[in-house]
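A closer look at the structure
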Amino acid sequence: MSGRHGRMGHGGPAGSGEKAKDFGGTIKKLFKYMGAYKIQLICVLIFAIGGTVFNIVGPKILGKATTEIFNGLVSKVTGGEGMNFEKIAGILLVTLGLYVISALCSLVQGFFMTGISQKTTYRLRKEISEKINRMPMGYFDTKTHGEVLSRITNDVDTLGQSLNQSATQMITSVTTIIGVLVMMLSISPLMTLVALMILPVSIGMISLIMKKSQRYFRRQQEYLGNVNGQVEEIYSGHNIIRAFNKEQEVTETFEKTNSKLYDSAWKSQFFSGTMMPIMQFVGNLGYVGVAMLGGYLAIRKTIEVGDIQSFTQYVRNFTQPIQQVAQVANMLQTAAAASERVFEFLEEEEEDQTAANPVSVEGLQGNVTFKNVRFGYRPEKIIIHDFSADVKEGQKIAIVGPTGAGKTTMIKLLMRFYDVNSGAILVDGHDIRDFNRNELREMFGMVLQDTWLFHGTIRDNIRYGKLDATEEEIISAAKAARAHRFIQTLPGGYDMELNEEASNVSQGQKQLLTIARAILADPKILILDEATSSVDTRTEIQIQKAMDTLMKGRTSFIIAHRLSTIRDADMILVMKDGDIVEQGNHEELLSRGGFYAELYNSQFDKTSNLA
C-alpha cells in the first residue's frame, strides 16, 4: 500500500551499517565545516583554557591555607602564637578571586560555543533544505519522506547537542589533565607516579567500552530514521489503514522497527553509562594509594599536610577529566553517526541545475517535439522504448492508455524530473537539456488529480503561482477558475486559513483553487491530470469549464482517465507498454478500430452496464 506522502516500505538497516563508515574522516570533515567560525573557536579555546587554569591553581593555594591552619593548631598546642587569621583570610580571598575569574571565563566560552553550535545546525538545516531542491527525483523514489526529514530534525539536533557539549568539554578536559599533572609533579613526583598508575587501567576500560558501543550508535540513528518514516506515513494514511482494518498489521510492523531501535539505543546507552561508575571505581583505588603514601611522606616531613589535601583534590580533578574524555568519546560517536548521515545526504549526486550556454525561455511559443525518446527508471528496465510526437503551440494533446503505459512518465520527462536515456525532447526546436532547469519549469503549469495546497490563506495558495501578483490579479484568476463565488461564501473569504490537509474545503474547491493558481502563473505549456473523478457531476462541469478557460491559447497535455472528456483534443496519443501505438483525433482513432477504440468501447460498455 502506498501512502500519500511516500512508500510504506521501511528501508531496513541501511547496508547493515553497524558503525560509522569513516569515524576519523567524518570528524575531520565536521571540524573543517566549522572552520567558518575560526575567530569564535579561538575565543572558546582561550576562555576555556583560562577558566581551567584558574580553577587548577585553586587547590594549591587552598593547600597553603590548610597548612597554615594545621601549623597554627600545632603552635597553639605547643604554646606558640596560634593561627594567623589575616594570612589565612588573604589566601582564601585570592582563592575566591581565582574561582570567580574561572567561572566568568566558563560563561564567556559557553556563550561563544553555544553560538557556534547553533550557527552550525542552522547552516546544516539550510543546506539540507536547499539540497532537497537540487536532488534528482530518483533519490526520493528509494527513500521515505520520514527518512529524509530525519536528517533535518533528529540528526542535526543530535549533532548540535553533541557539538555544544563535546567541544568545550574536550578543551577543558585536556587542559585540566595537563595542568593538574604539572601541579601534582610540583607537590610530589613519587605520589604523582602512584596516581598515574590508574591511567593504563582507565584507558583500557575506555577503549574496550568504546569498541563495544561504537557500532550501536550508527544503528540507533538508522532505526530512528526508519521509525520516523513509518510514523509519518501511518499518520498521513491513517484513514486508509482504518478502512482496510490494517491497524494490527501496521502496529506489528512498527513494533518490529521500534524494537530494533530500542535494542540499539539500549545497548549504546548502557555501554556509555557504564563508563562513569567504572572510572569512579578506578579513581577510588587511586585515592587509597595516594592517602597511604601521603601519610607516610608527611610523617617523614617530606611534604606538608596541606600538600596532601591539595594532592587529593588534584587526583580527583585528574580522574574527572579522564571520565569527561570518556563521555566526550561517547558524544563524538553520536556526533559522528549523525554527521555522517547528514554529510552523506549533502554529498549525494545532484541534478544539473544550469546549462553551459542556456537557452532563454523568452519568446518561446510552446511547440513540443518528442524525438525517439527512450527511458527507464533503471537502465536495465526500459519502460519507454521509442516515443516520437510533434505537438504544435496551442494544441490540446491527450495522453491515454492503461495503468503503467507510461503516461505520467512522459510528463516527468517533459519537466525534466528525469532525463531521457536516449533521444530528445525539444521545445521550439531547443533540447530541454539546454535550458536552466528552473527556467524551463517556469514555462509549465500543472493541475494534478492529487491537489496540493499548503497551510496558509486561500490568497497565499493562489498567489503561489505568481508571488508578486496584485490583489486584482488574484481575484481575476479566481473568477476565471470559477472559484471567486465559493471563496466569498467562506468565513474570511480570501483570508481564510487552510489547514494542513486543506480538509476545510471540498475536493472540488481544492481543484478550482489549483486551477486559479495555474491561471495566475500564466504558463506557456499546461499539464493536466484529469481531476474530476472524485467529484459530483455538477462540480465536474464547473472544473471542466475552468480547465477549458485555462487551456485557451496554451499547449496542453492532458493525462486522460475518462476518454469521454477528451473527444475534442487536437491529438490523442495512445500509449501501451511505453510506446505510442496510435495517434490522431477522436474520430480518426475510433474509425481505425484499434487499441483506442477498444479502450473507449470498454469504458462505454461499463457506463451502459452501470446505467
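Residues numbered from 1 in each chain as written. Predicted model: local features only at pLDDT ≥ 70, side-chain atom pairs only at ≥ 80, totals over all residues. Heavy atoms only, no water.

Before going further, it helps to examine the overall build of the protein. When its secondary structure is counted, the protein shows 19 helices and 14 strands. Relative to all contacts within the protein whose residues are 6 or more apart in sequence, the contacts with residues 24 or more apart total 80%. Put simply, the protein shows about 30,900 Å² of open surface, and 57% of that area lies on carbon and sulfur atoms. (Helix = DSSP H or I, 4+ residues; strand = E, 2+ residues; numbered from the N terminus. Contact = heavy atoms within 4.5 Å. Areas by Shrake-Rupley, 256 points an atom, 1.4 Å probe, with all protein chains shown as cover.)

Now for the nonpolar core. Counting residues in hydrophobic clusters, the biggest one holds 45 residues, and the most contacted among them are I458, I462, I487, I515, I566, I572 and Y596. A per-element tally of this core places helix α16 (residues 507-521) first, with 7 residues. With residues near it in sequence (within four places) discarded, I487 still touches I458, I462, A478, G493, Y494 and L513. If you look at the next biggest cluster of nonpolar residues, it comprises 36 residues, including L364, M410, L414 and L573. (Core = buried A, V, L, I, M, F, W, Y, C linked by side-chain atoms within 4.5 Å. Buried < 20%, exposed > 50% of the residue type's maximum accessible area, 1.4 Å probe, protein only.)

With that settled, the discussion passes to the sheet that holds strand β13 (residues 571-576). The 6 strands lie next to each other as β8-β11-β12-β5-β13-β14, forming an open sheet whose pairing is mixed. What marks the edges here is a single partner per strand, and that holds for β8 (444-447) and β14 (579-584). Strand-to-strand, the axes of this sheet are offset by a mean angle of 20 degrees, without reference to chain direction. The pairing of strand β11 (residues 525-529) with strand β12 (residues 555-559) spans 5 bridges and is parallel. When the bridges of β12 are listed, L526 appears paired with S556. Across the sheet, helix α11 (residues 407-414) touches β5 (396-400), β8, β11, β12 and β13, and the angle it forms with β12 is around 145 degrees. (Pairing = 2+ DSSP bridges. Axes fitted to C-alpha atoms, helices over the stretch in contact; angles between N-to-C directions.)

We now examine helix α5 (residues 145-187). Relative to the 63 Å expected for 43 residues at 1.5 Å per residue, α5 spans 61 Å between its end C-alpha atoms, a close match to the ideal helical length. Remark: the principal bend of α5, roughly 40 degrees, maps to R151. (Expected span 1.5 Å × (residues − 1). Bend = angle between axes of the 7 residues up to and from the residue.)

Attention now moves to the packing of α5 against helix α6 (residues 189-196). Viewed as axis vectors pointing N to C, α5 and α6 meet at an angle of 135 degrees, and their least axial separation amounts to 6 Å. In terms of their interaxial angle, α5 and α6 are classed as oblique. Across the interface between the two elements, L181, M184, L185 and I187 from α5 touch P189, T192, A195 and L196 from α6. Each residue belonging to the contact of α5 with α6 can be placed in one class, and the counts come to 7 nonpolar, 1 polar and no charged. (Parallel < 35°, antiparallel > 145°, perpendicular 65-115°, else oblique. Nonpolar A, V, L, I, M, F, W, Y, C, P; charged D, E, K, R; others polar.)

Let us look at the environment of E442. With respect to the secondary-structure elements, E442 resides in helix α12 (residues 437-442). Sequence spacing of E442 and G465 is 23 residues, and the spatial spacing of their C-alpha atoms is 9.8 Å.

The next subject is the sheet that holds strand β7 (residues 430-431). Spatially, β4-β3-β6-β7 is the arrangement adopted by the 4 strands of the open sheet, whose pairing is antiparallel. Both outer strands of the open sheet, β4 (384-391) and β7, are each paired with one neighbouring strand and no more. Pairing geometry for strand β3 (residues 368-375) and strand β6 (residues 422-427), over 5 bridges, is antiparallel. Its bridge partner being in β6, T369 is matched across the sheet by L426. This element, α11, spans β3, β4 and β6 of the sheet and lies at about 115 degrees to β3.

Quick look at the side chain of D428 now. The topology assignment puts D428 in the loop between β6 and β7. Notably, D428 is buried but unbridged: the nearest opposite-charge side chain belongs to K524, and the N-O separation is 8.2 Å. There is a polar contact of 2.5 Å between the side chain of D428 and the backbone nitrogen of Q365. A distance of 3.4 Å separates the side chain of D428 from the backbone nitrogen of G366, its partner in a polar contact. Setting aside chain neighbours within four positions, we find D428 in contact with L364, Q365, G366 and N367. (Lys, Arg positive; Asp, Glu negative; His and termini not counted. Salt bridge = Lys/Arg side-chain N within 4 Å of Asp/Glu carboxyl O. Polar contact = N/O pair within 3.5 Å; in protein donor to acceptor, adjacent residues only side chain to side chain.)

Turning our attention to the pattern of salt bridges. Enumeration according to the criterion identifies 16 salt bridges in this entry. For R463, the salt bridge goes to D460, with nearest N and O atoms at 3.4 Å. Taken as a pair, R463 and D460 lie in helix α13 (residues 458-463) at a separation of 3 residues, close to a single helical turn. The partner of D522 in a salt bridge is R554, and the shortest N-O contact between them spans 2.5 Å. Linking D522 in the loop between α16 and β11 with R554 in the loop between α17 (537-551) and β12, this pair joins segments that are 32 residues apart in sequence. Residue D522 is classed as exposed on the basis of its relative accessible area, which comes to 52%. Through salt bridges with shared partners, a single ionic network connects R416, D419 and R437.

A few words now on helix α1 (residues 23-33). Taken together, the buried positions of α1 are occupied by T26, I27, L30 and Y33. The buried residues of α1 occupy an angular sector of 120 degrees when the element is viewed end-on, so they sit on one face. Exposed side chains of α1 directed beyond 90 degrees from the buried face belong to K28 and K32. (Arc of directions from axis to C-beta.)

This brings us to a nonpolar patch on the surface. Among the surface-exposed residues, L93, L96, V100, L104 and L107 lie close enough to one another that they form a single nonpolar patch of about 520 Å² accessible area. The class of L93 is exposed, set by a relative accessible area of 60%. (Patch = residues over 30% accessible without salt bridge, like charges linked within 9 Å, V, L, I, M, F, W, Y side chains within 5 Å.)

Position of N436 among the secondary structure elements: in the loop between β7 and α12. Excluding its chain neighbours within four sequence positions, the residues that come into contact with N436 are Q353, T354, A355 and P358.

This part covers the environment of A389. Counting through the fold element by element, A389 comes out in strand β4. Here A389 is in contact with V368, T369, F370, L573, I580 and Q583, once residues within four sequence places are set aside.

Bringing the packing of aromatic side chains into the picture now. Aromatic rings considered in pairs are described by the distance between their centres and by the relative angle of their planes. With the rule as written, the count across this model stands at 11 aromatic pairs. Arranged with centres 5.8 Å apart and planes meeting at 55 degrees, the rings of F375 and Y418 form a pair that is tilted. You can see F375 sitting in strand β3 and its partner Y418 sitting in the loop between α11 and β6, a full 43 residues away along the chain. On the basis of relative accessibility, which here comes to 11%, the residue Y418 falls in the buried class. Taking 6.3 Å as the distance between ring centres and 20 degrees as the angle between the ring planes, the aromatic pair formed by Y596 and Y600 counts as stacked. Here Y600 and Y596 lie together in helix α19 (residues 595-610), a separation of 4 residues that amounts to about one turn. For Y600, a relative accessible area of 13% translates into the label buried. A network of ring pairs unites the aromatic residues F47, F111 and F112 as a single cluster. One residue, R123, lies across the ring of Y33, its end atom 3.9 Å from the ring centre. (Phe/Tyr/Trp six-rings, centres within 6.5 Å; stacked < 30°, edge-to-face > 60°. Lys NZ or Arg CZ within 6 Å of the ring centre and 35° of its normal.)

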